[in-house]
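Here is what each chain is made of, one letter per residue.
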Amino acid sequence: VKVFSDSETGEEFQDYDRAAGPIGQQLIMNYCFGHPESSLLLFPLGSHVGLINHDEKPNAYITWSRIKDNGLPNQHKYQDDTVQELAKVDKIVVVMKVVALREIAEDEEITIDYGKEWVDAWETYMKHWEAIAAK
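Residues numbered from 1 in each chain as written. Predicted model: local features only at pLDDT ≥ 70, side-chain atom pairs only at ≥ 80, totals over all residues. Heavy atoms only, no water.

Novice: Which parts of the structure should I look at to understand the overall build of the chain?
Specialist: If you tally the helices and strands in the chain, you get three helices and eight strands. Counting over 135 residues, the chain shows a buried share of 13%. The contacts in the chain between residues at least 6 apart in sequence include a share of 56% that link residues at least 24 apart. About 11200 Å² of surface is accessible on the chain, with carbon and sulfur atoms providing 54% of the total. (Helix = DSSP H or I, 4+ residues; strand = E, 2+ residues; numbered from the N terminus. Buried < 20%, exposed > 50% of the residue type's maximum accessible area, 1.4 Å probe, protein only. Contact = heavy atoms within 4.5 Å. Areas by Shrake-Rupley, 256 points an atom, 1.4 Å probe, with all protein chains shown as cover.)

Novice: Would you mind showing me how to read the pattern of salt bridges here?
Specialist: Pairing is possible between side chains that carry opposite charge, provided their charged atoms lie close to one another. Counted according to the given criterion, the structure contains two salt bridges. One salt bridge in this structure joins R102 and E108, with 2.5 Å as the shortest N-O distance. According to the relative accessible area criterion, E108 is partly exposed, its value standing at 26%. (Salt bridge = Lys/Arg side-chain N within 4 Å of Asp/Glu carboxyl O.)

Novice: Teacher, can you tell me more about the packing of aromatic side chains here?
Specialist: Geometry of an aromatic ring pair is reported as the spacing of the ring centres plus the angle between the planes. Under the criterion given, the structure shown has three aromatic pairs. With centroids separated by 4.6 Å and ring planes inclined at 90°, the aromatic side chains of Y114 and W118 adopt a geometry described as edge-to-face. Overall, Y114 belongs to the partly exposed group, its relative accessible area being 28%. Judged by relative accessible area, which is 24%, W118 ranks as partly exposed. (Phe/Tyr/Trp six-rings, centres within 6.5 Å; stacked < 30°, edge-to-face > 60°.)

Novice: Would you mind showing me how to read the layout of surface pockets here?
Specialist: To locate leftover empty space, one rolls a probe as large as a water molecule over the atoms. Of the volumes computed, that of the largest pocket is approximately 1600 Å³. Residue assignment for the lining of the largest pocket shows that the elements contributing at least two residues are β3 (33–34), β4 (41–42), β6 (60–64), α2 (83–86) and α3 (116–134). Approximately 730 Å³ is the volume found for the second largest pocket. Contributing to the lining of the second largest pocket are 22 residues, with F43, P44, L45, I92 and V94 lying nearest its centre. Looking at the lining of the second largest pocket, the elements that each hand over two or more residues are β4 and β7 (96–100). For the lining of the second largest pocket, the per-class residue count stands at 19 nonpolar, one polar and two charged. (1 Å grid on protein atoms, 1.4 Å probe; cavity = no way out; pocket = protein on both sides within 12 Å on 5 of 7 lines; lining within 4 Å. Points joined across faces, edges and corners; volume = space filled by probe spheres on them. Nonpolar A, V, L, I, M, F, W, Y, C, P; charged D, E, K, R; others polar.)

By themselves these figures say nothing about function.
Set out below in structure tokens:
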């Protein structure tokens, strides 16, 4: 994703200054949830999601939220929409939650299993990175 600086309009809800060009880039795919049979990627929002890491023996998992969990139900009518249709939705319609598989200690990291596809991609990336770093 391209990163832009804020425009200097002084308005409360500023737009980004696209005319000045990007000031950097960020790979957000590592933070997204997806499925191999779909082009849709879900980018999680919340203060805790950046603290959850991978482990092949996780202590938590991700699942769909229900209305009794937090008052924000999944609106299942959107589950069969295309990516193009979902891009036009301007409200929260997909809510996920993190569920502990066992008691998690106060100082213990929360982990989920990212899946074999992620592990394979990460190992390929690291081999490529190590080759570049060795030069």
